Amino acid sequence: MNVAQILGNKGHDVISVQPHRTLAEAIRTLGEKRIGAVVVAGADGSLLGILSERDIIRALAETGTAALESPVSRIMTAKVVTCRHETSVDELMELMTVGRFRHVPVLENGRITGIVSIGDVVKHRVAEIEAESRAMRDYIAMA
Ligand code: AMP
């Protein structure tokens, strides 16, 4: 099971914001789309960073509501760990565990082609385990 298979099921849509947008605007996007992180991208679609709920909480804790007027570029994480279509789900889980984050954008030839969240990974792992268990039960029933 790899990232290409996950994207094949969930689609390639990526919600992004531009770096000069305010934190308040980014929060509105997260709320409207019911997601926990947005990719920060330039006008040319290049990946500049990632902004998650945790960054927003940290900014609000540090500077209070004044942070809402800050540009996203000041609050985002600029050093983004990415994956590729052929990255396996095991590798993805390792990246998320070691890096302590729950979102990984997918890059192909420098372009953002999707995003995988820990929720997507768990969903696919559970489906995989259920299929294995079904196959095992069928095998035992035939014996
Ligand atoms: P998350 O668990 O995804 O909500 O993010 C926790 C922290 O890690 C936040 O500071 C995010 O900006 C950062 N983060 C999220 N995803 C990534 C990623 N793929 N690479 C680097 N940092 C990330």
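Quick note: structure is the one above.
Note that this is a predicted model, so its numbers are computed, not measured.

Participant: Please set out the overall build of the chain residue by residue, giving values where relevant.
Facilitator: Scanning the chain from N- to C-terminus turns up 6 helices and 5 strands. For the chain, the α and β elements follow one another from N to C terminus as α-β-α-β-β-α-α-α-β-β-α. Its C-alpha atoms give the chain principal-axis dimensions of roughly 70 × 35 × 30 Å. When each of the 143 residues of the chain is scored for burial, the buried share is 36%. The contacts in the chain between residues at least 6 apart in sequence include a share of 59% that link residues at least 24 apart. As presented, the chain carries roughly 8800 Å² of accessible surface, and 54% of it is formed by carbon and sulfur atoms.

Participant: Give a description of the site of the ligand that names residues and reports values.
Facilitator: As a structural note, the neighbourhood of the ligand is formed by 13 residues, with S52, D55, T77, R102 and H103 the closest of them. Contacts to the ligand include V81, whose backbone N or O atom sits 2.8 Å from a nitrogen atom. With respect to the ligand, the side chain of R102 contributes an N or O atom lying 2.7 Å from an oxygen atom. Protein coverage of the free-state accessible area of the ligand, which is 480 Å², stands at 91%. Elements that contribute at least two residues to the shell around the ligand include exactly strand 3 (47–52), helix 3 (53–63) and strand 4 (103–108). For the shell around the ligand, the residue count by class is 6 nonpolar, 3 polar and 4 charged.

Participant: Please provide a residue-by-residue account of the pairing of strand 4, values included.
Facilitator: Burial runs high along strand 4: 6 of the 6 residues are buried. Burial along strand 4 is two-sided: H103, P105 and L107 and V104, V106 and E108, pointing in opposite directions, are all buried. Sheet analysis places strand 4 next to strand 5 (residues 111–117), joined by 6 bridges and oriented antiparallel. Note that in strand 5 the partner of E108 across the bridge is R111.

Participant: If you had to explain the side chain of D120 to someone new, which residues and values would you point to?
Facilitator: Looking at the secondary structure, you find D120 in helix 6 (residues 118–142). Under the relative-accessibility criterion, D120 is labelled buried at 13%. Among residues more than four places away in sequence, those in contact with D120 are I6, K10 and I115.

Participant: Explain a nonpolar patch on the surface to me, using residue names and the numbers behind them.
Facilitator: Side chains of M136, Y139, I140 and M142 sit close together on the surface and give an oily, nonpolar patch of about 530 Å² of accessible area. By the element assignment, M142 lies in helix 6.

Participant: A description of the environment of V17 should follow, citing residues and the corresponding values.
Facilitator: Within the secondary structure layout, V17 lies in strand 1 (residues 16–17). Accessibility expressed as a relative area gives 8% for V17, which makes it buried. Along the primary structure V17 and S73 are separated by 56 residues, whereas in three dimensions their C-alpha atoms are 9.9 Å apart.

Participant: Hey, could you go over unusual backbone geometry for me, with residue numbers and the actual values?
Facilitator: Trans peptide bonds make up the majority, and among non-glycine residues the majority have a negative phi. Positioned with a positive phi, R100 is a non-glycine residue whose angle comes to about 55°. By secondary structure assignment, the location of R100 is in the loop between helix 5 (89–99) and strand 4. One non-glycine residue, N109, lies in positive phi territory at about 50°.

How each quantity is defined
Residues numbered from 1 in each chain as written. Predicted model: local features only at pLDDT ≥ 70, side-chain atom pairs only at ≥ 80, totals over all residues. Heavy atoms only, no water. Helix = DSSP H or I, 4+ residues; strand = E, 2+ residues; numbered from the N terminus. Buried < 20%, exposed > 50% of the residue type's maximum accessible area, 1.4 Å probe, protein only. Contact = heavy atoms within 4.5 Å. Areas by Shrake-Rupley, 256 points an atom, 1.4 Å probe, with all protein chains shown as cover. Near = heavy atom within 4 Å. Polar contact = N/O pair within 3.5 Å; in protein donor to acceptor, adjacent residues only side chain to side chain. Nonpolar A, V, L, I, M, F, W, Y, C, P; charged D, E, K, R; others polar. Pairing = 2+ DSSP bridges. Patch = residues over 30% accessible without salt bridge, like charges linked within 9 Å, V, L, I, M, F, W, Y side chains within 5 Å. Salt bridge = Lys/Arg side-chain N within 4 Å of Asp/Glu carboxyl O.

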